[in-house]
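Residues per chain, in single letters:
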Amino acid sequence: MPYPEEAEGFQVDSPDSWTTFHKRYFPLNPFGDYDVDVKIEACGICGSDVHIISGGWGKQHFPLCVGHEIVGTAIRVGPKVTLIKEGQRVGVGAQVFSCGECKQCKNDNETYCQYKLIDTYGSKWPETGLVSQGGYASHIRVHEWWVFPIPEKLETTIVAPMLCAGITVFSPLVRNGCGPGKKVGIVGIGGLGHFGLQFAKALGAEVWAISRTRAKEEDARKLGADGFIATAEEGWEKPHRCTFDLIVNAANSTKNFDLAKYLSMMDVHGHWINVGLPEEEGQVIKAQHLISNGVLIGATHLGSRREMLQMLQLAADKNLKAWAEEVQINEENLAVAVQRMKKGDVRYRMTLTGYDKVFGN
């Protein structure tokens, strides 16, 4: 039974067959007064998708249609919807619901809701038991709070990856004071980091790219970096001791990661914020690594609606873009694309397009 009761999408059945995608129908949650139905036109391929379907982040609810960097058209809005109009081009990120009533939700921290946080895919709706399904599909049904109008200036294929990767680095930058007069570092020049460089520069900071080698230095400077640090070089941290106000760690691996040297570069009470989520165990944090500058270590989860709208407008005003290649959505291309993502063989994002060819009207 097709839309509006069901969507059609590409699902993976288990981590043992994570590169095999099956095109099939799955039920949508019952339509509510505050819901918006989006006909999907593009979706970024996020590293999270690969971690989930390959089993790197633990047990999941399969079969699963992933994808949470969604752009499409709002084709149906509930009778109580006020934030979105039918026919608007909109985006959906990595979350589709929160309770709206708790302390976190009422204080611009809805991505930290402790009572009813529903991820775009892989969460169980408590009322129906249905597992939320993502954007490698024809349609998605979302509460209006988690549907975002897309500024006209932003092209669909280059804005899609901002809806997860972009907001994941934008939120910690603005929440931790990135701006004029601040020295900000971005560790890891990849899907997350290439946004971090652009946003930090657009916010007015002095921006440094931090990577293992200088292989991506030219790219980093094109993305806005004022300086570049290669951690494979002897004594890389010494010229920068106690000078960074903020470093956002977007690295996807902890292999040979000397955390103490990174932390030594932080100014007194500077903020080290993790946004990358490697599958490995991570670094050991010793108190001795913290006391010489009183560095503060934190993390972040997505970003609020207010921050999402702010980020999209900044991107439109400053002409910021994802470095994204287009991939026509089908079973074969998805298999190749997720394997490339696993290997890090992409600079720096991929956006699925061609939805009308596989799902029709």
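Bear in mind the structure is a predicted one, so any value in this text is a computation, not a measurement.

**A word on the sheet that holds strand S11 (residues 206-211)**
Overall, parallel pairing links the six strands, which are arranged S12-S11-S10-S13-S14-S15 in an open sheet. At either end of the open sheet lies a strand with only one pairing partner, and these are strand S12 (227-230) and strand S15 (296-299). Sheet twist, expressed as the mean angle between neighbouring strand axes with direction ignored, is 20°. Bridge count for strand S13 (residues 244-249) against strand S14 (residues 266-274) is five bridges, and the pairing is parallel. Note that in S14 the partner of Phe244 across the bridge is Met266.

**Concerning helix H9 (residues 331-343)**
Taking 1.5 Å per residue, 13 residues should reach 18 Å; H9 reaches 19 Å between its end C-alpha atoms and fits that length. Within H9, burial applies to Leu334, Ala335, Ala337, Val338 and Met341. Buried-residue contacts for H9 involve strand S1 (6-11), strand S3 (35-45), helix H1 (47-53) and strand S17 (349-353). For H9, the N-terminal capping position is held by Asn330, with its side-chain oxygen 3.1 Å away from the main-chain nitrogen of Glu332. Just past H9, the residue Gly344 takes up positive phi, approximately 75°.

**Observations concerning the domain arrangement of the chain**
Under the domain assignment used here, the chain contains domain 1 (6-164 + 304-357) and domain 2 (165-299). The C-alpha centroid of domain 2 is placed 27 Å from the C-alpha centroid of domain 1. Counting from both sides, the interface comprises 27 residues of domain 1 and, opposite them, 26 residues of domain 2. Summing both partners gives a buried area of about 2,200 Å² for domain 1 against domain 2, and 58% of it is carried by carbon and sulfur.

**Focus on the pattern of salt bridges**
All told, the structure shown has 20 salt bridges when counted by the stated rule. A salt bridge links Asp13 to Arg24, with the nearest nitrogen and oxygen atoms 2.8 Å apart. One end of the pair, Asp13, is in the loop between S1 and strand S2 (22-27); the other, Arg24, is in strand S2, and 11 residues separate them in sequence. For Arg24, a relative accessible area of 27% gives the class partly exposed. Of the charged contacts, one joins Lys222 and Glu218 as a salt bridge, the two residues approaching to 3.4 Å between their closest N and O atoms. Note that Lys222 and Glu218 are positioned in helix H6 (residues 217-222) at a spacing of four residues, about one turn of the helix. Overall, the relative accessible area of 57% leaves Lys222 in the exposed class. Look at Glu218 and you get exposed, because its relative accessible area is 56%.

Calculation rules
Residues numbered from 1 in each chain as written. Predicted model: local features only at pLDDT ≥ 70, side-chain atom pairs only at ≥ 80, totals over all residues. Heavy atoms only, no water. Pairing = 2+ DSSP bridges. Helix = DSSP H or I, 4+ residues; strand = E, 2+ residues; numbered from the N terminus. Axes fitted to C-alpha atoms, helices over the stretch in contact; angles between N-to-C directions. Expected span 1.5 Å × (residues − 1). Buried < 20%, exposed > 50% of the residue type's maximum accessible area, 1.4 Å probe, protein only. Contact = heavy atoms within 4.5 Å. Polar contact = N/O pair within 3.5 Å; in protein donor to acceptor, adjacent residues only side chain to side chain. Domains from an automatic or database assignment. Buried area = accessible area lost by both parts, 1.4 Å probe. Salt bridge = Lys/Arg side-chain N within 4 Å of Asp/Glu carboxyl O.

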